[in-house]
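Here's the letter readout for the chains.
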Amino acid sequence: MGTVNEPLVRLDSVELSYDGAPVLAGVDLTLRAGDFVGVVGPSGAGKTTLLRLALGTLCPTAGRIERARGLRVGYVPQLETVSWSFPVTVAECVLMVRSDRWLPWATRAERRAVTEVLDRLGIAHLADRHIRELSGGQQQRMFLARALLRDPQLLLLDEPTSGVDVATRHEMLHLLGHLHDDGMTILLTTHDLNGVAAHVPDLVAMNGTVLRRGAPADVMTPTVLEQTFGAPMDVLEHLGMPVVLDRKRHPRRPVVEAP
Amino acid sequence: MIETVIETLLEPFGYAFFVKGVVVATLAGALCGLVGVYVVLRGMSYIGHGLSHAIFGGFAASSVIGLNYVLGAGIWGFASALAINRVSRAHRIGADAAIGVITTASFALGVALLTVFGNRGPSFDAALFGSIIGISTADVWTLVAVSALTVAVVLTRYRALLFATFDPEVADVSGVRVARTDALLMLVLSLAILATLSIIGVTLVAATLVIPAVVARMLTHRFATMLCLSSAIGALCGLVGMNLSYHLDVPSGTTIVLTGATVFALVLMATGGRGLQRAPRAAVL
Ligand SMILES: Nc1ncnc2c1ncn2[C@@H]1O[C@H](COP(=O)(O)OP(=O)(O)OP(=O)(O)O)[C@@H](O)[C@H]1O
Ligand SMILES: [Mg+2]
């Protein structure tokens, strides 16, 4: 395991419905060791659902999902799903992922590992804070730290760049880029089209199914984006990278809003 | 003057039954305080309440058939706990209604059985509101054994329990066997209720599970600290409540709970209810 190009997770014509109509249908997607993939799509497109399928917390209603044997996955959940009033400090939260230890307190090696990973993400000084006392960007890095402490082969992140300012978003994507350079396989979802276009080499556009997968230049096109988001968008090129403009906010092109 | 007060306070300690009662109430309070942390953080207060009623049914049934009540009520309680946990984790609408029906039916069955066949154990009042009169040596050893087991479970499965309580989905993909951990917690919870039922009473057990944990939550935002604080507060309420019970001649469960409620009010005033946001998941009492 770990050799480049070996498939870690493979979805084969996967369909999923919660109680009624399918949320996802005909999804084919392969994640190989060394991939760095960004999934984009509108709210309700099924991005979180796709991650849950890849993780194995949801079973497909049709189709097949294969996972490499003994695959260790690190999962960074969408911040909205976390119970923030829960009484845990950052250090406690990060350490819970080492759940195979049979005693509560940390060993010296564990304490070192926690400090190291928090330090790497620049939040070591916050270790004793309550999780709610962190900014959004720090909270995301805390969950990344927790995922990394498990020494995963595959990292799945649900909207690791939501709700923070542009600089923090770029920092997070930079950080993930470094992890990828170190050999980590990464799949993330995001609403930040320009961020992923600039930082992530491999994009998936989806809305109920995978509409397109490829390099930013192939996915960030007006056609694919309109197909995905159901609204016209313009794409410019800036320093060789696609930049997406939401047409509603485009200054020169007034649109008539639906009543 | 002061001497008479002290004398009055120490007087009951001359009776062996009272000393036993105080020890048991303190231990019972600590046990409920410890388990209660998980009950409160999982938003299962209502489940604790229902479970004590369900266990009462098993208690009555085993007393009527002449089965050992720890065994009978224990198995009954654990089965109900697993059923309740499954229903509540399924997130279906009406989960709380289903729990209400199952547990109150079990309670009603218990009352009916005891009325028809008569009960060989403690009186109704004792079963409902707790008593120190009926505590047998077997009850004491049951409580000690359950407390030891609970501490052992909390220590050895500390991180798994914490993770499964905080975020079951991520815990599940991070190698925690969530279903098994939940079952273990349900086992400990039903045993704790069973072991404290005769001291605190069916109707009041839920409060002794909830109050210490809620008070502890207002005082700390560290999980490990909350576990210790909650146990200590539970023990204190048991100790003070049992003494009050003797002097006021009121059932012990009532005074234990009222002591807890007083502590709650004091801490609430002192802290302004810090950390008391709505519980994250499932039904709240
Ligand atoms: N547990 C559930 N039960 C029923 N329906 C669900 C459940 N979770 C999600 N859905 C539905 O499935 C669809 C896809 O949801 P999903 O959370 O995967 O979208 P998403 O792309 O992650 O959206 P967002 O960008 O807002 O996070 C939505 O229509 C949602 O209402
Ligand atoms: Mg989502």
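Refer to the structure presented above.
In this report, we go over the structure that sits alongside the text. (Residues numbered from 1 in each chain as written. Chains lettered and ligands numbered in written order. Predicted model: local features only at pLDDT ≥ 70, side-chain atom pairs only at ≥ 80, totals over all residues. Heavy atoms only, no water.)

1. Focus: the packing of helix 11 (residues 205–219) of chain B against helix 13 (residues 252–271) of chain B
All names here are of chain B.
Logical step 1: Look at helix 11 against helix 13: their axes get within 10 Å of each other, and the N-to-C directions meet at 20 degrees. Classified by the angle their axes make, helix 11 and helix 13 are roughly parallel. Where helix 11 crosses over helix 13, the handedness of that crossing is left-handed. Contact residues: Ala 207, Thr 208, Ile 211, Val 214, Val 215, Met 218 and Leu 219 in helix 11; Ile 256, Val 257, Gly 260, Ala 261, Val 263, Phe 264, Val 267, Leu 268 and Thr 271 in helix 13.
Logical step 2: Of the residues belonging to the contact of helix 11 with helix 13, the class tally is 13 nonpolar, three polar and no charged. (Axes fitted to C-alpha atoms, helices over the stretch in contact; angles between N-to-C directions. Helix = DSSP H or I, 4+ residues; strand = E, 2+ residues; numbered from the N terminus. Parallel < 35°, antiparallel > 145°, perpendicular 65-115°, else oblique. Left-handed = near helix turned anticlockwise from the far one by under 90°. Contact = heavy atoms within 4.5 Å. Nonpolar A, V, L, I, M, F, W, Y, C, P; charged D, E, K, R; others polar.)

2. Quick word on the interface of chain A and chain B
Logical step 1: The partner chain B presents 28 residues to the 35 residues of chain A that form the contact.
Logical step 2: Of the roughly 2800 Å² buried between chain A and chain B on both sides combined, carbon and sulfur atoms contribute 60%.
Logical step 3: The largest per-residue losses of area from chain A upon contact with chain B belong to Phe 86, Pro 87 and Met 96 of chain A, which jointly make up 22% of the total buried on that side.
Logical step 4: In this structure, the connection of chain A to chain B is made through two salt bridges.
Logical step 5: Here chain A and chain B share 13 residue pairs in polar contact (both at pLDDT 80 or more) between them.
Logical step 6: Those elements giving two or more residues to the side of chain A that touches chain B turn out to be helix 1 (47–55), strand 5 (73–76), helix 2 (90–95) and helix 4 (136–148) of chain A. (Buried area = accessible area lost by both parts, 1.4 Å probe. Salt bridge = Lys/Arg side-chain N within 4 Å of Asp/Glu carboxyl O. Polar contact = N/O pair within 3.5 Å; in protein donor to acceptor, adjacent residues only side chain to side chain.)

3. Looking at a nonpolar patch on the surface
Residue and element names in this part refer to chain B.
Logical step 1: Nonpolar side chains collect at one region of the surface, where Met 1, Ile 2, Val 5, Ile 6, Leu 9, Leu 10, Phe 13, Val 19 and Val 23 lie side by side and expose about 880 Å² of accessible area between them.
Logical step 2: Elements with a contribution of two residues or more to the nonpolar patch: helix 1 (2–10) and helix 2 (16–41).
Logical step 3: As for its placement among the helices and strands, Phe 13 is situated in the loop between helix 1 and helix 2.
Logical step 4: Judged by relative accessible area, Phe 13 falls into the partly exposed class, the value being 34%. (Patch = residues over 30% accessible without salt bridge, like charges linked within 9 Å, V, L, I, M, F, W, Y side chains within 5 Å. Areas by Shrake-Rupley, 256 points an atom, 1.4 Å probe, with all protein chains shown as cover. Buried < 20%, exposed > 50% of the residue type's maximum accessible area, 1.4 Å probe, protein only.)

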